Amino acid sequence: MARTSPTVRVLLFASARQAVGRSSLDWPVPSSGVLAEELVRRLGAEFPKLKPTLRTSRFVRNGRYLGNGRTLVRPGDEFAVHPPYGGG
Amino acid sequence: MARTSPTVRVLLFASARQAVGRSSLDWPVPSSGVLAEELVRRLGAEFPKLKPTLRTSRFVRNGRYLGNGRTLVRPGDEFAVHPPYGGG
Amino acid sequence: MTSLRSTRRTEAVDLPVLLTAHPLSVAHAMRTLEVEGAGGVVLFAGRVRPGRTRAGRVVALDYEVHRAPALARLQELERDSRRRFRARQVVLWHRVGRLGVGEVSVIVGVATPHRAEAFAAARYLIEELKSVVPIWKTERARPGRRPRRRPSRRAGR
Amino acid sequence: MTSLRSTRRTEAVDLPVLLTAHPLSVAHAMRTLEVEGAGGVVLFAGRVRPGRTRAGRVVALDYEVHRAPALARLQELERDSRRRFRARQVVLWHRVGRLGVGEVSVIVGVATPHRAEAFAAARYLIEELKSVVPIWKTERARPGRRPRRRPSRRAGR
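Residues numbered from 1 in each chain as written. Chains lettered and ligands numbered in written order. Predicted model: local features only at pLDDT ≥ 70, side-chain atom pairs only at ≥ 80, totals over all residues. Heavy atoms only, no water.

**Student:** Help me out: how do you make sense of the interface of chain C and chain D in this one?
**Tutor:** Interfaces are frequently sized by the accessible area removed from exposure as the parts join. Counting from both sides, the interface comprises 28 residues of chain C and, opposite them, 29 residues of chain D. When chain C packs against chain D, close to 2,600 Å² is buried across both sides, 61% of that on carbon and sulfur atoms. Taken as a group, Arg47, Arg115 and Phe119 of chain C account for 27% of the area that chain C buries against chain D, more than any other trio of residues on that side. At the junction of chain C with chain D, the criterion picks out two salt bridges. Put simply, Glu127 of chain C and Arg115 of chain D hold a salt bridge, and the shortest N to O gap is 2.6 Å. Counting every contact that joins chain C to chain D gives 12 residue pairs in polar contact (both at pLDDT 80 or more). Where the side of chain C that touches chain D is concerned, the elements lending two or more residues are helix 2 (26–32), strand 2 (40–47) and helix 4 (115–132) of chain C. Of the residues in the side of chain C that touches chain D, the class split is 16 nonpolar, five polar and seven charged. Where strand 2 of chain C and strand 2 (residues 40–47) of chain D come together, seven bridges link them in antiparallel fashion. From the neighbouring strand, Phe44 of chain C faces strand 2 of chain D, where its bridge partner is Val42 of chain D. (Contact = heavy atoms within 4.5 Å. Buried area = accessible area lost by both parts, 1.4 Å probe. Salt bridge = Lys/Arg side-chain N within 4 Å of Asp/Glu carboxyl O. Polar contact = N/O pair within 3.5 Å; in protein donor to acceptor, adjacent residues only side chain to side chain. Helix = DSSP H or I, 4+ residues; strand = E, 2+ residues; numbered from the N terminus. Nonpolar A, V, L, I, M, F, W, Y, C, P; charged D, E, K, R; others polar. Pairing = 2+ DSSP bridges.)

In structure tokens form, the structure reads like this:
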């Protein structure tokens, strides 16, 4: 039953990946979806070490940067946590 | 006899070369030498087309840039006329 | 170079934008920038520098990328540089995966009609690349002796 | 590149300063700039651009040089860049003689610990090179038809 419950694919990079110990999670959400800010709050509650990184991160839903936390994240979406970049 | 008279080797580049039609001259000078400013004046008198270029040129005696026209140029010296540079 | 040039149209590295696990070639980048009407070409190459962290001597950097948004951002930068700096050709190449000390991690190149624009564009592109493109690096360090010229600090850690 | 690198110490092009009638290689320049501790490398390459003069279409540039003072000035610039920008390695290469459209006339490259210095140094070096080094160029033009997109100006000359 758990395998078919609605989930969001959470992608974790760099310090977010290190804080959680994984590069992705299938995170359960209501079938009606969840606000991005609520999803972020729950991730922080589940992984306290992730909290500092979440405060400085940008969030990307299905490849698009979120302007604010009021975006609805739906089952099947990809939701990426982007800590500050460091390419080059 | 002319072949053994004391001369300065005058090097002409770019617009100076084009004005004179040659890239170098063996220019007769007194065995006691000549002031650079006098040498430049005489070159301009001999080659009127060279005059505009001489006004904007730098002069180099034996590889050293001249700070003013009071330097003595002696027989056997090399005296180069450098129009404004255009490398790159 | 001539023999390589004859095949250049088929090489993936002719792309203006590239994220790859394979080594980056500055020579290929320059050939990509050989376009008509471009009198000035400026190329920046960034390399993994040797260094130290608290964990020891840096032996490698791991570069991570979120590929789809990274490519989208790089393509935006390419368009940007064509519009703002009249760039005729652009190279925005970043390597990902594990890189050893001395390896080239990034090449930014730009060909413009005149050199002032080429310098401005290259500088703009590398700064933007570092701040808006989702790429991250993590240092890999190996515990080891400190450099001999600083023996006095060895006992302190 | 690896096979070339093994011979690099014997190549003349490893010199920081070069005035030559032979074609300049950007790839060689980059290898010359591969020194330890240099995280940022900026390279500028200038090429002969197509153009028009009153005499017609530019088909070549003739570069003249006063060799001894030119080398002395280039060496001063090299020392300068090591002192002012902490440059670890420098390339100041200029080609002389006749160059066709598209050929590389000059390569200025600099390797520094950090990229800001590399950009500043490269920009400084190319501007200085153009203003203080005794090199001159003369355009070689070939009378020819004007580009078809400006037919109205053809009769006027």
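Next, the rest of the story.
**Student:** Is there a simple way to think about the interface of chain B and chain D in this case?
**Tutor:** Counting residues at the interface gives 18 residues for chain B and 19 residues for chain D. A buried area of about 1,400 Å², summed over both sides, lies between chain B and chain D, and 52% of it is on carbon and sulfur atoms. For the pair chain B and chain D, the number of links is one salt bridge. Notably, a salt bridge pairs Arg17 of chain B with Glu64 of chain D, separated by 2.8 Å at the nearest N-O pair. Remark: the boundary between chain B and chain D carries 14 residue pairs in polar contact (both at pLDDT 80 or more). Sorting the residues of the side of chain B that touches chain D by element identifies strand 1 (7–12), helix 1 (14–20) and strand 7 (78–82) of chain B as the ones contributing at least two each.

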